[in-house]
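A look at the structure
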Amino acid sequence: QQQVKQSPQSLIVQKGGISIINCAYENTAFDYFPWYQQFPGKGPALLIAIRPDVSEKKEGRFTISFNKSAKQFSLHIMDSQPGDSATYFCAASYSGAGSYQLTFGKGTKLSVIP
Amino acid sequence: DTAVSQTPKYLVTQMGNDKSIKCEQNLGHDTMYWYKQDSKKFLKIMFSYNNKELIINETVPNRFSPKSPDKAHLNLHINSLELGDSAVYFCASRQNPRQGGTEAFFGQGTRLTVV
């Protein structure tokens, strides 16, 4: 059972444009929603994360929008740069019993073209 | 100083062999994971340990056996390797999520190729 659904699978954006990646989750017990960035040949690294008590979190050009009622969250990359080209993963976890699970979406390969 | 280190980075081996991948973290975390990333980049959890105790054991063939000699190390041993085992294996560590741990730190991965 895939608990976190991510789309699109791939995304091509012009330099300076806005990249948007969407995720939907099923388990309402999730209370931590991170986004990870992975460059080729490297391990994933935390980019930005949000908890469900806020609807938006911004760090530089990266913003997470969170819609608790719709069980959806998205990553927006403003002024996308070629250096942002990477694979992005949304994830979810929770603090209760069995909380060791950290479930990832299937990833979005972002290509920012000059 | 690498936070989560895996060895080896590349591993090429023949079908039927037995191999091990080692992972060490110097972050003082209690929780460690093994993930498998296939050719489509999907990150699938295999195992999770907390303080040397197996917590999560997903549907993984029993040819895969994790071992945690102490909470800073989580090794993965694979018996009778098959072509389908070819993938990148990531080790990760995290402060105990039940104690507020959030960010997971990943190693650089081990690319296993079975020929």
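Quick summary incoming for the structure in this document.

Quick word on the overall build of chain A
When you go through chain A residue by residue, the secondary structure sums to 0 helices and 11 strands. Listing each helix as α and each strand as β along chain A from the N terminus yields β-β-β-β-β-β-β-β-β-β-β. Taking 13 Å as the expected radius of gyration for a compact globule of 114 residues, we find that chain A reaches 14 Å, a close match to that expectation. Taken over the C-alpha atoms alone, chain A extends approximately 45 × 30 × 20 Å along its principal axes.

Some details on the interface of chain B and chain A
Across the boundary between the two partners, chain B contributes 26 residues, which contact 22 residues of chain A. Put simply, chain B and chain A have 0 salt bridges between them. Counting every contact that joins chain B to chain A gives 4 residue pairs in polar contact (both at pLDDT 80 or more). For the side of chain B that touches chain A, the secondary-structure elements that each account for two or more residues are β4 (31-37), β5 (43-50), β6 (53-57), β9 (87-94) and β10 (104-106) of chain B. Its residues placed into classes, the side of chain B that touches chain A shows 11 nonpolar, 8 polar and 7 charged.

Considerations on the pairing of strand β9 (residues 86-92) of chain A
Looking along a regular strand, one sees side chains alternate from face to face of the sheet. Residue and element names in this part refer to chain A. A large share of β9 lies buried, amounting to 7 of its 7 residues. Of the two faces of β9, the one holding Ala86, Tyr88, Cys90 and Ala92 and the one holding Thr87, Phe89 and Ala91 are both buried throughout. Here β9 pairs with strand β11 (residues 108-113) via 3 bridges, running antiparallel. Following the sheet pairing, Tyr88 is matched in β11 by Thr108. Of the strand pairs in this sheet, β9 and strand β10 (residues 103-104) are connected by 2 bridges, and their pairing is antiparallel. For Ala92, the partnering residue across the bridge sits in β10 and is Thr103.

Overview of the pattern of salt bridges
Residue and element names in this part refer to chain B. Under the defined criterion, the tally for this structure stands at 6 salt bridges over all chains. Lys71 is the salt-bridge partner of Asp30, the closest N and O atoms lying 2.8 Å from each other. Of this pair, Asp30 sits in the loop between β3 (19-25) and β4 while Lys71 is found in the loop between β7 (64-70) and β8 (73-78), placing the two residues 41 residues apart along the sequence. With a relative accessible area of 18%, Asp30 lands in the buried category.

Let's talk about the environment of Asn75 of chain B
Residue and element names in this part refer to chain B. With respect to the helices, strands and loops of the structure, Asn75 is situated in strand β8. The spatial distance from the C-alpha of Asn75 to the C-alpha of Ser20 is 7.0 Å, given a sequence separation of 55 residues. When neighbours within four sequence positions are excluded, Asn75 is seen to be in contact with Ile21, Lys22, Cys23, Trp34, Ser65, Pro66, Lys67 and Pro69. In terms of polar contacts, Asn75 uses its side chain to reach the backbone amide nitrogen of Cys23, at 3.3 Å.

Analysis parameters
Residues numbered from 1 in each chain as written. Chains lettered and ligands numbered in written order. Predicted model: local features only at pLDDT ≥ 70, side-chain atom pairs only at ≥ 80, totals over all residues. Heavy atoms only, no water. Helix = DSSP H or I, 4+ residues; strand = E, 2+ residues; numbered from the N terminus. Rg over C-alpha atoms; globule rule 2.2 N^0.38 Å. Contact = heavy atoms within 4.5 Å. Salt bridge = Lys/Arg side-chain N within 4 Å of Asp/Glu carboxyl O. Polar contact = N/O pair within 3.5 Å; in protein donor to acceptor, adjacent residues only side chain to side chain. Nonpolar A, V, L, I, M, F, W, Y, C, P; charged D, E, K, R; others polar. Buried < 20%, exposed > 50% of the residue type's maximum accessible area, 1.4 Å probe, protein only. Pairing = 2+ DSSP bridges.

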